[in-house]
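# Chain and residue survey
Residues per chain are reported as follows:
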Amino acid sequence: MQKLRLAVDGGSPVRTHPFPEWPIFGELEEKLLLETVRSGNWGGVNPDKIKSFEEKFACLQDAKYAITVNNGTVAISIALLAAGVDAGDEVIMPPYTFIATATAALLIGAIPVFADVDESMLIDPDKVEAAITPATKAIIAVHIAGAPANMTRLREIAKTHKLSLIEDAAQAVAAKWEDQGVGALGDLGTFSLQSSKNLNSGEGGVIVSNDEELAEHVWSIHNCGRIRNGKWYQHERIGWNFRFSEVQAALALAQLSRVEEQMEIRQRSANDLDERLRLIEGIHPVKYDSRITKHANHLYMFKLDRDVMDNIVKEDFIRKLNAEGIPVTAGYVPLNKNAAVIDRIRKLVGEAKTNNCPVAERASDHELLWLHQNVLLGSERDMEDIANGIDKVMQSYL
Ligand SMILES: *Cc1c(COP(=O)(O)O)cnc(C)c1O
């Protein structure tokens, strides 16, 4: 492509019309919501739509049990509590994740310990092994971008060291590792139904497991310490009200019927982008383990090559791309660098103890770029525009 004047320099942008809006909804959402309104059963103590959503969700994730809760953050806290994690215990997790993975542990007084990611931005099992201490109680694998972490290795490590293995699958609805749905590959798995996620009921969360005892424990914690078939004021343990509502379940059920079709569209777009971006010098799509048999594509991630990093400042690259109408974003700051997280760890253990995570830090500072899931719901023409925009901006540096 010939060198064109960039939009930031007064040239015309590659793209002027918007990418698909999110959420996508229709008559089904309206019908189910209206049913719920008219039933007068709006909360979470008489599960009707909640029950059918939980059954369908468990099925989608190849799990025996699914319990809905009010968001994806508390889903992680509850999973940790159900697994027996207590205040002062260490929980190994990747630094490259939404802050909720760490704050969910901090909420119950547990200490996040960061094990660096690999080049796919997924927790590196070798770093997990290196981070284990006598205080370690659990590992949280985060399926970032919708890509399952290496659950085969992580299960072996958890078993050898007698640790609980929890999957933060907030971004990975319907993703599969070796043809098995994520969530119940470890002991417990958690999902988020927050507005930006691939399956959205405004707010909400789900915890899945194949272990009946853990599932009962989760149910009890999320329902004020009650037990199933117990009396209303019979509280057998400390629990809280973390219930989902029938109103949210109406939306979740309707949106669930759209998940698999949307997933196919996102995968088609991701494949298309992979092919197009491989042809552009200076960048490459993030590569994944072939045992990921279904990627949820909550994010599409690509990187600036190591040898162009000296010439291209990531922020400048993003600014130029955004001016071309391409909605690329910078992504997370690794949590081992977050002052609030470090400060809370210091309060709990008396020192600011965090590991260096050079792979996550380099990716975040210099290499990694994101496109969000709604962009992937666009057409082939949309993907072409994205590739053309990236190509145009890359050319400007050469
Ligand atoms: C969104 C998200 C959460 C938190 O879910 P909420 O429903 O927003 O509380 C946790 N972990 C990851 C990786 C997420 O993307």
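These notes cover the structure that comes with them. Every value quoted in this text rests on a predicted model; they were computed, and no experiment measured them.

Turning to the overall build of the chain, a few remarks are in order. Helix and strand counts for the chain stand at 13 helices and 13 strands. Taking 398 residues into account, the globule formula puts the C-alpha radius of gyration at 21 Å, and the chain, at 22 Å, falls close to it. When its C-alpha atoms are laid out on the principal axes, the chain stretches across 75 × 55 × 35 Å. Put simply, 71% of the contacts in the chain that link residues at least 6 apart link residues at least 24 apart. In the form shown here, the chain has an accessible surface area of approximately 17400 Å², with 50% of it arising from carbon and sulfur atoms. Side-chain charges in the chain split into 43 positive and 56 negative, and the spacing between the mean points of these groups amounts to 3 Å.

This brings us to the side chain of Asp 89. Tracing the backbone shows Asp 89 in the loop between helix H3 (72–82) and strand E2 (90–93). Only 3.4 Å separates the side chain of Asp 89 from the side chain of Lys 137, close enough to count as a polar contact. Once residues within four sequence positions are removed from consideration, Asp 89 is found in contact with Gly 84, Ala 110, Ile 111, Ala 135 and Lys 137.

Turning our attention to unusual backbone geometry. Note the cis peptide between Trp 22 and Pro 23, where omega equals 5 degrees. Position of Pro 23 relative to the elements: it lies in the segment before helix H1 (27–39). Of note in the backbone geometry, Glu 178 takes a positive phi value of approximately 50 degrees without being a glycine. By the secondary structure assignment, Glu 178 is in the loop between strand E6 (176–177) and strand E7 (180–181).

Per the counting criterion, the structure on display carries nine aromatic pairs. Summarising the aromatic geometry, the rings of Tyr 332 and Trp 370 are spaced 4.7 Å apart at their centres and angled 90 degrees between planes, so their arrangement reads as edge-to-face. In this pair, Tyr 332 sits in the loop between helix H10 (314–323) and helix H11 (339–349) while Trp 370 sits in strand E13 (residues 368–372), placing the two residues 38 residues apart along the sequence. As far as burial versus exposure is concerned, Tyr 332 and Trp 370 are alike and both buried. Stacked on the ring of Phe 19, the Lys or Arg Arg 15 has its end atom at 3.9 Å from the ring centre. Between Arg 226 and the ring centre of Trp 232, over which it is positioned, the NZ or CZ distance is 3.4 Å.

Burial of strand E5 (residues 164–168) is extensive: five of the five residues sit out of reach of the surface. Burial along E5 is two-sided: Ser 164, Ile 166 and Asp 168 and Leu 165 and Glu 167, pointing in opposite directions, are all buried. Looking at chain direction, strand E4 (residues 136–142) and E5 are connected through five bridges and run parallel. Each residue of the ladder has a partner; that of Ala 138, found in E5, is Ser 164. Relative to strand E8 (residues 188–192), E5 runs parallel, the two sharing three bridges. Looking at E8, one finds that Glu 167 is bridged to Gly 189.

Moving on to a nonpolar patch on the surface. On the surface, Leu 34, Val 37, Trp 42 and Val 247 cluster together into a nonpolar patch covering about 360 Å² of accessible area. When you line up the elements, Trp 42 lands in the loop between H1 and helix H2 (49–60). Since its relative accessible area comes to 48%, Trp 42 is described here as partly exposed.

Analysis parameters
Residues numbered from 1 in each chain as written. Predicted model: local features only at pLDDT ≥ 70, side-chain atom pairs only at ≥ 80, totals over all residues. Heavy atoms only, no water. Helix = DSSP H or I, 4+ residues; strand = E, 2+ residues; numbered from the N terminus. Rg over C-alpha atoms; globule rule 2.2 N^0.38 Å. Contact = heavy atoms within 4.5 Å. Areas by Shrake-Rupley, 256 points an atom, 1.4 Å probe, with all protein chains shown as cover. Lys, Arg positive; Asp, Glu negative; His and termini not counted. Charge placed at Lys NZ, Arg CZ, Asp CG, Glu CD. Polar contact = N/O pair within 3.5 Å; in protein donor to acceptor, adjacent residues only side chain to side chain. Phe/Tyr/Trp six-rings, centres within 6.5 Å; stacked < 30°, edge-to-face > 60°. Buried < 20%, exposed > 50% of the residue type's maximum accessible area, 1.4 Å probe, protein only. Lys NZ or Arg CZ within 6 Å of the ring centre and 35° of its normal. Pairing = 2+ DSSP bridges. Patch = residues over 30% accessible without salt bridge, like charges linked within 9 Å, V, L, I, M, F, W, Y side chains within 5 Å. Salt bridge = Lys/Arg side-chain N within 4 Å of Asp/Glu carboxyl O.

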